[in-house]
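Observations on the three-dimensional arrangement
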Amino acid sequence: QVQLVESGGGLVQAGDSLKLSCAASGRIFSSYAMGWFRQALGKERDFVAAIRWSDTTYADSVKGRFAISRDNSNHTLYLQMNNLQPADSALYYCAAARGDVSPRRDLYDFWGQGTQVTVSS
């Protein structure tokens, strides 16, 4: 059983930064791809970023502002978010996949419950 628990969300102003964390437990391996997705109210869950070993990929909307990283020794995934904008407001989910990095949410096997990020203008 794999469990993913996100933290670090909150209410910030436009231009601020936040760092999200995702603690993984259970049979999750360093070889798993880990990703962040987000879902705004009334919208679909969209890809944000993913990482596997040194391979990373980002959604165009966050390139240059967000950075994904992971600490395999602590089984923790991070998302550093800079220059946040109101359009970044969403529930942010952590996910794990047995395969390579991918923006396709259907390829991710395990999901957390999400952490809310709200950016005011």
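The paragraphs below set out a description of the structure included in this document. The residue count restarts for each chain, going from 1 along the sequence in the order it is written. Per-residue local features of the predicted model are confined to residues with pLDDT of at least 70, and side-chain atom pairs are confined, for both listing and counting, to 80 or more; whole-chain, interface and lining totals are unaffected and use all residues. By convention in this description, side-chain values take in all heavy atoms of the structure and omit both hydrogens and water.

A short note on the side chain of Arg38
Helix numbers and strand numbers start at the N terminus; a helix is a DSSP run of H or I with at least 4 residues, a strand a run of E with at least 2. Looking at the element boundaries, Arg38 is found in strand β4 (residues 33-39). For Arg38, a relative accessible area of 12% puts it in the buried group. Side-chain polar atoms of Arg38 contact the side chain of Ser61, separated by 3.5 Å. Those residues in contact with Arg38 that lie beyond four places of it in its chain are Glu44, Arg45, Asp46, Val48, Ser61, Val62, Phe66, Ala87, Asp88, Ala90, Leu91 and Tyr92. The classification of residues rests on relative accessible area computed with a 1.4 Å probe and restricted to protein chains. Under 20% of the type maximum is buried, over 50% is exposed, and intermediate values are partly exposed. Side-chain atoms alone can form a polar contact between residues adjacent in sequence; in general such a contact is a pair of N or O atoms within 3.5 Å, and within protein one must be able to donate a hydrogen while the other accepts it. Whether two residues are in contact is decided by their heavy atoms: any pair within 4.5 Å suffices.

So, the state of the cysteines
The disulfide criterion used throughout: a pair of cysteine sulfur atoms within 2.5 Å. For the structure shown, the criterion picks out 1 disulfide. Each sulfur of the disulfide joining Cys22 and Cys94 lies 2.0 Å from the other. Taking the sign of the S-S torsion, about -70 degrees here, the bridge from Cys22 to Cys94 comes out left-handed. You can see Cys22 sitting in strand β3 (residues 18-25) and its partner Cys94 sitting in strand β9 (residues 90-97), a full 72 residues away along the chain. Residue Cys94 is classed as buried on the basis of its relative accessible area of 0%.

Notes on the sheet that holds strand β8 (residues 76-81)
Taken together, the 4 strands give an open sheet; going across it, the order is β1-β3-β8-β7, and neighbouring strands pair in antiparallel fashion. The open sheet has two free edges, formed respectively by β1 (3-7) and β7 (66-71), since each of these has just one partner strand. Pairwise comparison of adjacent strand axes, ignoring direction, gives a mean angle of 15 degrees for this sheet. Pairing between β7 and β8: 6 bridges, direction antiparallel. DSSP bridges decide pairing: two strands pair if at least two such bridges lie between them. The angle between two axes is taken between their N-to-C directions and runs from 0 to 180 degrees, where each axis is a line fitted to C-alpha atoms and a helix contributes only its stretch in contact.

Let's talk about the side chain of Asp88
Examined against the element boundaries, Asp88 turns out to sit in the loop between β8 and β9. One polar contact links Asp88 to Arg65, side chain to side chain, over a distance of 2.8 Å. Every residue in contact with Asp88, bar those within four places of it in the chain, is listed here: Arg38, Arg65, Phe66, Asn83, Val117 and Val119.

Observations concerning empty space enclosed by the protein
Cavity means a closed set of points on a 1 Å grid over the protein atoms alone, one where a 1.4 Å probe fits but cannot get out, pocket means an open set with protein on both sides within 12 Å along at least 5 of 7 lines, and lining means a residue has an atom within 4 Å of a point. Grid points are joined across faces, edges and corners, and a volume is the space filled by probe spheres set on the points. Enumeration over the complete set of coordinates arrives at 1 cavity of 30 Å³ or more. The volume enclosed by the largest cavity comes to roughly 100 Å³. Along its surface, the largest cavity is lined by Ala24, Ile28, Phe29, Ser30, Met34, Arg70, Asp71, Asn72, His75, Thr76 and Leu77. Going through the elements one at a time, β7 and β8 are the ones with two or more residues in the lining of the largest cavity.

Quick look at the nonpolar core
Ranked by size, the top nonpolar core spans 37 residues in total, and within it Leu4, Trp36, Leu79, Met81 and Tyr92 carry the most contacts. Where this core is concerned, the elements lending two or more residues are β3, β4, β5 (45-52), β7, β8, β9 and β11 (115-120). Ranked by residues supplied to this core, first place goes to β9 with 6 residues. To qualify as a nonpolar core, a set must consist of buried Ala, Val, Leu, Ile, Met, Phe, Trp, Tyr and Cys residues joined through side-chain atoms within 4.5 Å.

Examining the environment of Ala33
Relative to the helices and strands, Ala33 resides in strand β4. As for Ala33 and Ala67, which are separated by 34 residues in sequence, their C-alpha atoms are 15 Å apart. Sequence-distant contacts of Ala33, that is, excluding residues within four places in its chain, are made with Ile51, Arg52, Arg70, Ala95, Ala96, Ala97, Gly99, Asp100, Val101 and Tyr108.

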